[in-house]
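Examining the three-dimensional arrangement
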Amino acid sequence: MSALRDALRDLPDAVFADMLESEDAYLVVVDLPGASADTVDARVDNGRLRIEAQREKELPTEYRYVTEERSLFLDATLLLPPDATGSGAEGSMTRGVLELRLPKRETTVDETIPITEK
């Protein structure tokens, strides 16, 4: 579990995430304001959790950017504990908050995680 905790610390400053653990699963919670289930892709690959997200931003026609610091894209990779697996993983998005439930298994399987809008 410490590898995942360390990986969460390595996320960019603009990314806020929590990691929780139960007897049978890990729960990774990531704030992705402006993203939706349709614009987020999460997968477990070679013992790593990869999250790619795209923020939806609308620019009012009467305005132009003076500065733009809210990135449109997030690409984060987190090293998973050895007992975390993508097999049977579930994801959901609620108001820009991504929750990924990763079951604990003895081996890691590469698998895309389905994400639904709540």
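Structural data are supplied above this passage.
This text gives an overview of the structure that appears in the document. Computed from a predicted model, the values in this text were never measured in an experiment. (Residues numbered from 1 in each chain as written. Predicted model: local features only at pLDDT ≥ 70, side-chain atom pairs only at ≥ 80, totals over all residues. Heavy atoms only, no water.)

All right, on to the sheet that holds strand β5 (residues 73–79) then. What the 4 strands build is an open sheet, ordered β5-β4-β3-β8; its pairing is antiparallel. Each edge of the open sheet is held by one strand with a lone partner, namely β5 and β8 (111–113). When the angles between neighbouring strand axes are averaged without regard to direction, this sheet yields 20 degrees. As paired strands, strand β3 (residues 40–45) and strand β4 (residues 48–54) are joined by 6 bridges and run antiparallel to one another. For V40, the partnering residue across the bridge sits in β4 and is A53. (Pairing = 2+ DSSP bridges. Helix = DSSP H or I, 4+ residues; strand = E, 2+ residues; numbered from the N terminus. Axes fitted to C-alpha atoms, helices over the stretch in contact; angles between N-to-C directions.)

For the rest of this paragraph, the subject is unusual backbone geometry. For N46, which is not glycine, the phi dihedral falls at a positive 55 degrees. Note on placement: N46 falls in the loop between β3 and β4.

Here the focus is the nonpolar core. In terms of nonpolar packing, the biggest core is built from 25 residues, with L32, V40, L49, I51, L98 and L102 touching the most fellow members. Breaking this core down by element, the ones donating at least two residues are β2 (25–31), β3, β4, β5 and β7 (97–103). If near-sequence neighbours (up to four positions away) are discounted, L32 is found in contact with V40, A53, L74, M93, G96 and L98. (Core = buried A, V, L, I, M, F, W, Y, C linked by side-chain atoms within 4.5 Å. Buried < 20%, exposed > 50% of the residue type's maximum accessible area, 1.4 Å probe, protein only. Contact = heavy atoms within 4.5 Å.)

So, on to the pairing of strand β6 (residues 90–94). Consecutive residues of a regular strand have side chains that alternate between opposite faces of the sheet. Relative to β7, β6 is paired through 5 bridges, and the arrangement is antiparallel. Bridge assignment links E90 to a residue of β7, and that residue is R101. Connecting the antiparallel pair β6 and β7 is a turn made up of 2 residues, with R95 showing a positive phi of about 50 degrees. Two strands pair when backbone bridges link them, and β6 and strand β9 (residues 115–117) are joined in this way by 3 bridges, in the parallel orientation. By the bridge assignment, M93 is partnered in β9 with E117.

Moving on: the packing of aromatic side chains. Any pair of aromatic rings gets described here by the distance separating the centres and the angle formed by the planes. For the structure on display, the rule yields 0 aromatic pairs. Note that K104 overlies the ring of Y26, its terminal NZ or CZ placed 4.9 Å from the centroid. (Phe/Tyr/Trp six-rings, centres within 6.5 Å; stacked < 30°, edge-to-face > 60°. Lys NZ or Arg CZ within 6 Å of the ring centre and 35° of its normal.)

On the surface, D38, E56, E58 and E117 cluster together to form a negatively charged patch. You can see D38 is positioned in the loop between β2 and β3. (Patch = residues over 30% accessible without salt bridge, like charges linked within 9 Å, V, L, I, M, F, W, Y side chains within 5 Å. Areas by Shrake-Rupley, 256 points an atom, 1.4 Å probe, with all protein chains shown as cover. Salt bridge = Lys/Arg side-chain N within 4 Å of Asp/Glu carboxyl O. Lys, Arg positive; Asp, Glu negative; His and termini not counted. Charge placed at Lys NZ, Arg CZ, Asp CG, Glu CD.)

The subject of this paragraph is the side chain of K104. In this structure, K104 sits in the loop between β7 and β8. A polar side-chain atom of K104 sits 2.6 Å from a polar atom in the side chain of E21. Engagement of the side chain of K104 in a polar contact is seen with the backbone oxygen of S22, the distance being 2.9 Å. If near-sequence neighbours (up to four positions away) are discounted, K104 is found in contact with E21, S22, E23, D24, A25, Y26, D83 and T85. (Polar contact = N/O pair within 3.5 Å; in protein donor to acceptor, adjacent residues only side chain to side chain.)

Throughout the structure, instances matching the rule amount to 4 salt bridges. With a shortest N-O distance of 2.8 Å, R50 and D75 are connected by a salt bridge. Of the two residues, R50 sits in strand β4 while D75 sits in strand β5, which places them 25 residues apart along the sequence. Exposure remark for R50: the relative accessible area of 32% places this residue in the partly exposed category. On the accessibility criterion, D75 (48% relative accessible area) is partly exposed. Among the charged side chains, a network of salt bridges with common partners joins R50, E52 and D75.

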